[in-house]
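Inside the fold
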Amino acid sequence: SGRLAGKRCFVTAAGQGIGRAAALAMAAEGATVVATDLDAHKVGELGARGITHFPLNVLDDAAVEEAAKQAGPIDILFNCAGYVHQNTILSCTDEEWSFGFALNVRAMWKVARAFLPGMLERKRGSIVNMSSACSSVKGAPNRFLYGTTKAAVIGLTKSIATEYVSQGIRCNCLCPGTVDTPSLHDRISANAAAAGSVEAARAAFVARQLMGRLATAEEMAALVVYLASDESAFVTGQSIVIDGGWTL
Ligand code: NAD
């Protein structure tokens, strides 16, 4: 039983943060989950929770193809991998630009492309992509490359949704506000000097959400479960803002 009983899910970047929480939440709802991450050790910890796992660098096209073969047909793809560059149009380097688009956008294309034929064959599938409120929804300071790539994710999502809307495939994306995850702690540390202290840097992130707190990864996972499940059968092509009031 469970809201995802009988469904097979594939998750990228499931080693920590939102990807990990989503893998656990989908498994708790009865799905068979294949969890992957660049970091074999981190994703390996999900083995103790009964989740199939293997390392996958989504930047490696051949490895992505191989992973799709290894995983077999799936019903749900959660494209979670992404990196938050902190830069402006003036400070962004060519290397950052290439890496940001390769990880946040191109890899999403390649992973979805690897699994789509199987979904089309079976005429069902839900693809859930990770965008951000910082995208075409909203600008944020020092997020030039990040906001640009996450806006592209919304376009990619709508394009896939449109193409396959009559063939049983849905595609949606999450647009979160600030979520308490390991990489947020890195960004807080990186901003500590400019903000005056770690506490001040953290407070600035908290203050963005009118609710006065950060989101939990579990709150994001709950939306992933909804978009993955048949409860959202009439929802496609949407970029769903889940931001504690950041965009209000
Ligand atoms: P995180 O940044 O703490 O962890 C990211 C995970 O991705 C790590 O386990 C890492 O090993 C893995 N990873 C990195 N490069 C990879 C690669 N090439 N191939 C496969 N895996 C790779 O996790 P998070 O903060 O939950 O972020 C996950 C996603 O959510 C990202 O796309 C991020 O942009 C998005 N997001 C996060 C927030 C937030 O506030 N944390 C807000 C909006 C959107």
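Criteria and cut-off values
- Residues numbered from 1 in each chain as written.
- Predicted model: local features only at pLDDT ≥ 70, side-chain atom pairs only at ≥ 80, totals over all residues.
- Heavy atoms only, no water.
- Near = heavy atom within 4 Å.
- Polar contact = N/O pair within 3.5 Å; in protein donor to acceptor, adjacent residues only side chain to side chain.
- Areas by Shrake-Rupley, 256 points an atom, 1.4 Å probe, with all protein chains shown as cover.
- Helix = DSSP H or I, 4+ residues; strand = E, 2+ residues; numbered from the N terminus.
- Nonpolar A, V, L, I, M, F, W, Y, C, P; charged D, E, K, R; others polar.
- Domains from an automatic or database assignment.
- Contact = heavy atoms within 4.5 Å.
- Buried area = accessible area lost by both parts, 1.4 Å probe.
- Salt bridge = Lys/Arg side-chain N within 4 Å of Asp/Glu carboxyl O.
- Buried < 20%, exposed > 50% of the residue type's maximum accessible area, 1.4 Å probe, protein only.
- Disulfide = S-S within 2.5 Å.

This paragraph deals with the site of the ligand. Surrounding the ligand, one finds 30 residues, the nearest of these being Gln16, Ile18, Asp37, Thr181 and Ser183. With respect to the ligand, the backbone of Cys80 contributes an N or O atom lying 2.8 Å from an oxygen atom. Against a free-state accessible area of 840 Å², the protein chains account for coverage of 92% of the ligand. Among the secondary structure elements, those contributing two or more residues to the shell around the ligand are α1 (17-28), α5 (144-163) and α6 (182-195). Among the elements that take part in the shell around the ligand, α6 stands out by supplying three residues, more than any other. In terms of residue class, the shell around the ligand is built from 15 nonpolar, 11 polar and four charged. Both of domain 1 (8-177 + 217-242) and domain 2 (180-214) provide at least three residues apiece to the shell around the ligand.

Here the focus is the side chain of Asn87. Looking at where Asn87 falls in the secondary structure, it is placed in the loop between β4 (76-79) and α4 (94-122). One polar contact links the side chain of Asn87 to the main-chain amide nitrogen of Leu145, over a distance of 3.1 Å. Setting aside anything within four residues of it in sequence, one finds Asn87 in contact with Cys92, Glu96, Asn142, Arg143, Phe144 and Leu145.

For interface size, the figure often reported is the accessible area lost on association. Structurally, the chain comprises domain 1 (8-177 + 217-242) and domain 2 (180-214). Each side of the interface is counted separately: domain 1 has 10 residues, and domain 2 has 11 residues. Carbon and sulfur atoms supply 46% of the area buried between domain 1 and domain 2, which totals about 700 Å² over both sides. Remark: the boundary between domain 1 and domain 2 carries one salt bridge. The salt bridge partner of Glu219 is Arg213, with a shortest N-O separation of 2.7 Å. Where domain 1 touches domain 2, the interface holds two residue pairs in polar contact (both at pLDDT 80 or more). Secondary-structure elements contributing two or more residues to the side of domain 1 that touches domain 2 are α1 and α8 (217-228).

Time to look at the side chain of Thr178. Along the chain, Thr178 falls in the loop between β6 (169-176) and α6. Classification of Thr178 as buried rests on a relative accessible area of 4%. Setting aside anything within four residues of it in sequence, one finds Thr178 in contact with Leu184, Phe205, Arg208, Gln209, Leu214 and Ala215.

Two side chains carrying opposite charge are able to pair once their charged atoms lie near each other. Enumeration over the complete set of coordinates arrives at nine salt bridges. In this structure, Asp61 and Arg106 form a salt bridge, with 2.9 Å as the shortest nitrogen-oxygen distance. Of this pair, Asp61 sits in helix α3 (residues 61-71) while Arg106 sits in helix α4, and the two are 45 residues apart along the sequence. Residue class for Arg106 comes out partly exposed when judged on its relative accessible area of 34%. Salt bridges linked by common partners bring Arg3, Glu29 and Glu231 together as one network.

Here the focus is the environment of His41. As for its position among the elements, His41 is in helix α2 (residues 40-44). Judged by relative accessible area, His41 falls into the exposed class, the value being 61%. Distance from His41 to Phe54, taken between C-alpha atoms, is 9.4 Å for residues 13 residues apart in sequence.

Under the criterion given, the structure shown has zero disulfides. No disulfide involves Cys9; its sulfur sits 13 Å from the nearest other cysteine sulfur, which is in Cys80. In this structure Cys80 is not part of a disulfide, and its nearest cysteine sulfur, from Cys173, lies 12 Å away. For Cys80, a relative accessible area of 11% corresponds to the buried category.

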